[in-house]
Amino acid sequence: MNKFFAKIMKSAFIFILYIFSHSSLANDQSLIELSTNKQWLKLLHYKPDHSSESYITSPEFFLSSAVVSSSLEELKATIAAFSLPINKNESTDSHARCRFPARLKLIQQQLNLNVYGELPTIDCAQYKIWRQQIKDDSVSLVFASGYMSNPASMYGHILLKFSDVDGNKSNELLDTSLNYGAIVPNKENPLLYVLKGILGGYNASFSDQQFFKHKHNYGNVELRDMWEYKLSLTPEDVALIVDHLWEILPTKFDYYFVDENCAYHFAKLIELVLDEPIISDNSLWVLPNSVATGLAQATYKSTPLLAKVNFIPSRETLLLNYYQQLTVEQQQVALSIIVNDFSFAIDKYQVLNDDEKKVIVESLFQYINVVKQKEKDYEFAKTGKRKLIKERLKFPVGTAIRFNENKAHAPPHLVSKPSKFSLGIAAIDQTKFYSTAGFRMTYFDDLSSSVGRSDFSNLEMVDVEVISDGNQTKILRLDLIDISSLYLPAMPWENKVAAAWSVRAGYEQLSNACIDCGIYFAEGNLGKSVRIGNNTLGFAMMGGKAFLGKENDVTIHAKLGLLTSITKNLKAKIELQRTSNIALSSHYASSVKLAISYEFSQDWDVRFTLENKETTFAALALNYYWGF
């Protein structure tokens, strides 16, 4: 009851103070100017071209009593709240000056607050404790690679990280990092999760943790590589970002997987201290690599915003790197140790010097950690690690093997732009000629540049191509999703063939003989693949396909394929398929498809497609790649 009365009295006091000062505030041109200041609008997270609609949905973030608070009304209410005396029935931490340090800093830079009332002396204990924990000499955005096991993370993820000026690697795990994500109930239905994520059915919020927790989750558990983009901001601007994070940590946002996501809100957070945007306000979709590109191109006080990029390898990447550094003899000795249940009583091991033994043992530590995460064989990992620790204690302290830096892990800003427009021509049996046009929302296909992404993989959403003979225009195909990973190699020391899989769903023409025989479909495939040299992959898969439309059917099929990089810019893929149909067998039982891509610049390529599926379809298309 006392808390309720105190809240009523506080609101009444703000209202009275506001009424008494309203006359002078209303006529103060400096207030009007500040209310339209870009930085003030950014502190309120107002949407582009809106001076009263914010991305923040928490009512307590806004001090104005108005149902819809304009930037001017919120500025007046903020100044009034700053002048409130301390309420003895409430913690001083609930005072506006403790809750909104970034607002206070900006307003004091622009206005003389003493004109509007004397500011009381306040000890913001909780803010001071939180603030002292943050080493804010520099700020970075950390990009985690895509994670196929979570639809919201297939395109990657972004974190914010603060560190000291020395960037001491031994202490960086204790750095403060910020995450942004949807607030999802435990054991949420996956389909419901995807739908609500796309349609804005979740709240979202920022959260702060020490960086080691994120590194453990992304790098050690999910086995995702990360890249740290260090920004060249002044200490004053870094401090402003930190203060603003204190303001928004308790607040809620609406979450939209496509645009209002972690990439968008972290970009807007950095834009608080920039004159120009990192990403366009008109972006229909926002991807982490688009933010990385924006950082690499942005300027700050007439100098590049991006200071440097540090690669943070996952445990799996460390394992592969260590394995490649071992000699063939060392690899064989390590395999013998694994096969013999981590027994080190092996002659070829015992004759090695201590340095070689340390290298093998430390490489096996990485192996055992990856086995634990990928195969969930916890007992094997526990037993093996105990024996490895016992063996390692025999040798002097010090690391025997380190990650060997190379150019194989290109940072996200070097990835090809995700969206695509295309124009082309097509022919059926060399007698019917058509024009084609296409659009892809995101992201890349297996003929795209391999820079900054997994080789032999495909991740496309909303890829549509239309075809016209001059009289009618039809949808040739529409891939709502087309995801594949044709090369999932076994771990080092495991004698297994690499796995391959693909999932695809959408709308397509049932046969090449027509452009008005469209049908809906969903397809899935599993198989194996083998690498032939460095640039070629052979694969074989079996799968099923369900059709829905003019005719309903379920089919099974087998595929054989070859994907190769002939040169750096020239790629080709050939795929043979044999299908066993139930009701659709009259259309085609087998097909062969050849696709060739030549990339003549970073944003352009030309592609030739030849497919025999009942009849022969040939197409030539010019593709332009772009992003927001």
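Please refer to the structure placed before this passage.
For the structure given in this document, a descriptive report is provided here. Predicted model, so just to flag it, every value in this text is computed and none were measured.

Reading guide: rules and limits
Residues numbered from 1 in each chain as written. Predicted model: local features only at pLDDT ≥ 70, side-chain atom pairs only at ≥ 80, totals over all residues. Heavy atoms only, no water. Helix = DSSP H or I, 4+ residues; strand = E, 2+ residues; numbered from the N terminus. Buried < 20%, exposed > 50% of the residue type's maximum accessible area, 1.4 Å probe, protein only. Contact = heavy atoms within 4.5 Å. Areas by Shrake-Rupley, 256 points an atom, 1.4 Å probe, with all protein chains shown as cover. Lys, Arg positive; Asp, Glu negative; His and termini not counted. Charge placed at Lys NZ, Arg CZ, Asp CG, Glu CD. Patch = residues over 30% accessible without salt bridge, like charges linked within 9 Å, V, L, I, M, F, W, Y side chains within 5 Å. Salt bridge = Lys/Arg side-chain N within 4 Å of Asp/Glu carboxyl O. Pairing = 2+ DSSP bridges. Axes fitted to C-alpha atoms, helices over the stretch in contact; angles between N-to-C directions. Core = buried A, V, L, I, M, F, W, Y, C linked by side-chain atoms within 4.5 Å. Phe/Tyr/Trp six-rings, centres within 6.5 Å; stacked < 30°, edge-to-face > 60°. Lys NZ or Arg CZ within 6 Å of the ring centre and 35° of its normal.

1. Side note on the overall build of the protein chain
Looking only at helices and strands, one finds 17 helices and 21 strands in the protein chain. For the protein chain, the C-alpha atoms occupy an extent of roughly 85 × 80 × 50 Å along the three principal directions. Buried residues in the protein chain amount to 50% of all 628 residues. When contacts within the protein chain are restricted to residue pairs at least 6 apart in sequence, those whose partners lie at least 24 apart make up 63%. Within the structure as shown, the protein chain displays about 30800 Å² of accessible surface, and the carbon and sulfur contribution to it stands at 56%. Between the mean site of the 64 positive side-chain charges and the mean site of the 68 negative ones, the protein chain shows a separation of 5 Å.

2. A word on a nonpolar patch on the surface
Residues Val530, Ile532, Leu560, Leu562, Ile574, Leu576 and Val592 make up a contiguous nonpolar surface patch of about 560 Å² in total accessible area. Only β15 (518-532), β17 (553-565) and β18 (570-580) provide two or more residues apiece to the nonpolar patch. With respect to the helices and strands, Val592 occurs in strand β19 (residues 590-601).

3. A few points about the sheet that holds strand β5 (residues 226-231)
One open sheet holds the seven strands; their spatial order is β6-β4-β3-β2-β1-β5-β9, and the pairing between them is antiparallel. Because the sheet does not close on itself, it has two edges, and the strands there are β6 (253-255) and β9 (306-312). Direction aside, the axes of adjacent strands within the sheet are offset by 30 degrees on average. Inspection of the sheet shows strand β3 (residues 176-182) paired to strand β4 (residues 202-210) by seven bridges, in the antiparallel sense. If you follow Ser177 over to β4, its bridge partner there is Gln209. On top of the sheet, helix α12 (residues 288-297) reaches β1 (138-144), β2 (157-163), β5 and β9; it is set at about 145 degrees to β1, its chief contact.

4. Looking at the sheet that holds strand β21 (residues 615-626)
Pairing is antiparallel in the closed barrel, where 12 strands are placed in the order β10-β11-β12-β13-β14-β15-β16-β17-β18-β19-β20-β21. When the angles between neighbouring strand axes are averaged without regard to direction, this sheet yields 20 degrees. Two elements, β17 and β18, share 10 bridges in a ladder whose sense is antiparallel. Residue pairing in the sheet places Ile556 in a bridge with Ser580 of β18.

5. Side note on the nonpolar core
Leu160 and Val291 are the most contacted members of the largest nonpolar core, which has 121 residues in total. Element by element, the count of residues in this core is highest for helix α16 (residues 354-375), at nine residues. Apart from the residues within four sequence positions on either side, Val291 is in contact with Leu141, Phe143, Ile158, Ala263, Ala267, Ile278, Ile279 and Val286. Grouped together as the second largest cluster of nonpolar side chains are nine residues, Phe456, Phe539, Leu563 and Ala595 included.

6. Observations regarding the packing of aromatic side chains
All told, the structure shown has 27 aromatic pairs when counted by the stated rule. When the ring of Tyr127 is compared with that of Trp246, the centres are 5.7 Å apart and the planes differ by 65 degrees; the resulting orientation is edge-to-face. Of this pair, Tyr127 sits in helix α7 (residues 125-132) while Trp246 is found in helix α10 (residues 235-248), placing the two residues 119 residues apart along the sequence. A connected cluster of aromatic rings, assembled from ring pairs, spans Tyr155, Phe257, Tyr443 and Phe444. Above the plane of the ring of Phe61 lies Arg103, whose end atom (NZ or CZ) is 4.8 Å from the centre. The side chain of Lys161 reaches across the aromatic face of Phe211, ending 5.3 Å from its centre.

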